[in-house]
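Close look at the chain arrangement
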Amino acid sequence: ESPTPPHALLSPPDQTAVAVIGAGAMGAGIAQVAAQAGHPVILVDAQPEAAERAVAGLRATFDKLVAKGKVTREDADATLARVTPHTTADMRTIPAVALVIEAVVEHLDVKRAIFRQLESAQPSTTVLATNTSSLSIDDIVGEACSGHDAALHGGTSPAMAHPERVLGLHFFNPPPLMRLVEVITGAASGADVLDAASELVRRWGKTPVRCTSTPGFIVNRVARPFYGEAQRMVAEGLADPATIDLALRGAGFRMGPFELTDLIGQDVNLAVGESVWRQTGEDPRYAPTDWQRELVREGRLGRKTGRGVFEYADGRPVDAE
Ligand code: NAI
């Protein structure tokens, strides 16, 4: 009997093109990780200039790494040359690749539409991954037929024809530094696809952890009450955010709940929180707070807007006093 050939995802990186969709905080970082591992990367965004801006951001990052002596100029230039920005809202215009990693806004209908366009245009062997923080892989690939969905979308939308090649690859912020990648198994995800994707991220220097497609997977499920409880303490006047962060950091957490949600983005964190809360039948343990909604309404999104729970200048926290 002949040994099973390795999955196409595990071919030499220079022959294994990757498309990253969404050139925001996560997409840009994931593109960097893939390009540093030697893959040609197409970085796609629907907003004009967003992909170009992300590539300019990567150039600035590499300039700093070169200045610090962590990367040679030659390697930095070679890595940057592998990343091609591409502006489109139509995923059918993306050339054929081995792997797509989707990292657009945390909205089910947007992700569903993207995956259907990808499926109709990419070869049947292309692995399609989502960087969703909380949405169910089965909801992304399956048929949308609930009354609410049908009303919202003006009808039902079909299930994907090949859900076996769809999985979650949930990176953490910032992707080049954080080692964890949750590998999310949908009900229909193929074992060969999950194994190959896990091996691929291991080759990228990451630690893959398998999770089932349940609300929030592992990290976001455990972290929701952590953020929520801290906010309730502030609302009850028991401690202020800086004190709570100081205490949690002192207890061994890398970051406190407030500085961490400012890093994640208060808008992203609220969307993830609402998604987990809704999917758990509005379990109060995961309920977003009014305060969180207020931050988002006021545009206090965290580091990326210069102000969230705390104030930032040039992306760095400004000391309160
Ligand atoms: P972001 O808001 O920084 O970036 C999203 C990007 O997607 C924007 O540039 C936007 O123009 C683009 N986009 C939106 N709709 C699009 C469409 N239909 N087609 C193409 N591009 C589109 O968001 P961020 O923080 O990068 O998050 C992206 C995804 O990653 C979300 O699903 C989020 O839940 C997940 N995630 C976020 C983490 C975080 O700490 N921010 C951590 C892990 C996962």
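Reading guide: rules and limits
Residues numbered from 1 in each chain as written. Predicted model: local features only at pLDDT ≥ 70, side-chain atom pairs only at ≥ 80, totals over all residues. Helix = DSSP H or I, 4+ residues; strand = E, 2+ residues; numbered from the N terminus. Rg over C-alpha atoms; globule rule 2.2 N^0.38 Å. Buried ≥ 20, exposed ≤ 12 C-beta atoms within 10 Å, placed from the backbone. Contact = placed C-beta atoms within 7 Å. Core = buried A, V, L, I, M, F, W, Y, C linked by C-beta atoms within 7 Å. Near = placed C-beta within 6 Å. Nonpolar A, V, L, I, M, F, W, Y, C, P; charged D, E, K, R; others polar. Domains from an automatic or database assignment. Expected span 1.5 Å × (residues − 1). Arc of directions from axis to C-beta. Pairing = 2+ DSSP bridges. Axes fitted to C-alpha atoms, helices over the stretch in contact; angles between N-to-C directions.

Secondary structure summary: the protein contains twelve helices and ten strands in total. Against the compact-globule benchmark of 20 Å for 321 residues, the protein has a radius of gyration of 20 Å, which places it among compact chains. In the protein, buried positions account for 43% of the 321 residues. For the protein, long-range pairs separated by at least 24 residues make up 67% of all intrachain contacts whose partners lie at least 6 apart in sequence.

This part takes up the nonpolar core. Membership of the largest hydrophobic core comes to 60 residues, with the highest contact counts inside it found for Val18, Val20, Leu43, Leu167 and Ala197. The element contributing the most residues to this core is helix α1 (residues 25-36), with eight residues. Core analysis: the next-biggest nonpolar cluster, separate from the first, contains eight residues, Leu263, Ile264, Trp277 and Tyr286 among them.

Once that is clear, we can look at the site of the ligand. Close to the ligand lie 29 residues; Gly22, Gly24, Met26, Ser133 and Asn173 are nearest. For the shell around the ligand, the secondary-structure elements that each account for two or more residues are α1, α4 (108-121), β6 (166-171) and α11 (266-279). Considering every element that reaches the shell around the ligand, the biggest residue donor is α1, with three residues. Across the shell around the ligand, the residue classes break down as 17 nonpolar, ten polar and two charged.

Inspection of the secondary structure puts Val193 in helix α7 (residues 191-203). By the C-beta count within 10 Å, which is 22 here, Val193 ends up buried. As a C-alpha pair, Val193 and Thr280 span 87 residues in sequence and 28 Å in three-dimensional space. Beyond its immediate chain neighbours, meaning those up to four positions away, Val193 contacts Val127, Glu164, Arg165 and Leu167.

Our focus in this paragraph is the domain arrangement of the protein. Under the domain assignment used here, the protein contains domain 1 (8-212) and domain 2 (221-317). Each of domain 1 and domain 2 has a C-alpha centre, and the two are 26 Å apart. At the interface, seven residues of domain 1 touch ten residues of domain 2. Its residues assigned to classes, the side of domain 1 that touches domain 2 comprises two nonpolar, four polar and one charged.

Here the focus is α7. Counted at 1.5 Å a residue, the expected span for α7 with its 13 residues is 18 Å, and the 18 Å between its end C-alpha atoms agrees. Listed as buried for α7 are Val193, Leu194, Ala197, Leu200 and Val201. Mapping the buried residues of α7 onto a view down its axis gives an arc of 130°, with all of them on the same face. Exposed side chains of α7 directed beyond 90 degrees from the buried face belong to Ala191 and Arg202. Downstream of α7 by a residue or two, Gly205 has a phi angle that is positive, lying close to 85°.

Overall, mixed pairing links the eight strands, which are arranged β3-β2-β1-β4-β5-β6-β7-β8 in an open sheet. Looking along the sheet, the strands with just one partner apiece sit at the ends: β3 (83-87) and β8 (207-212). Each adjacent strand pair in this sheet contributes to an overall mean axis angle of 25°, direction not counted. Here strand β5 (residues 127-130) runs beside β6; their pairing, made up of three bridges, is parallel. Paired with Ala129 across the two strands is Leu167, which belongs to β6.

Positionally, Pro95 belongs in the loop between β3 and β4 (99-102). Distance in space between the C-alpha atoms of Pro95 and Ala159 is 23 Å, their sequence separation being 64 residues.

Now for unusual backbone geometry. The residue after Asn173, namely Pro174, is reached through a cis peptide bond having omega 0°. Relative to the helices and strands, Pro174 resides in the loop between β6 and β7 (180-185). Although it is not a glycine, Glu49 sits at a positive phi angle of roughly 75°. The residue Glu49 is located in the loop between β2 (41-45) and α2 (50-67) in this model. A positive phi angle, near 55°, is found at Phe217, a position not held by glycine. Looking at where Phe217 falls in the secondary structure, it is placed in the loop between β8 and α8 (219-235). For Phe217, a count of 25 C-beta atoms within 10 Å gives the class buried.

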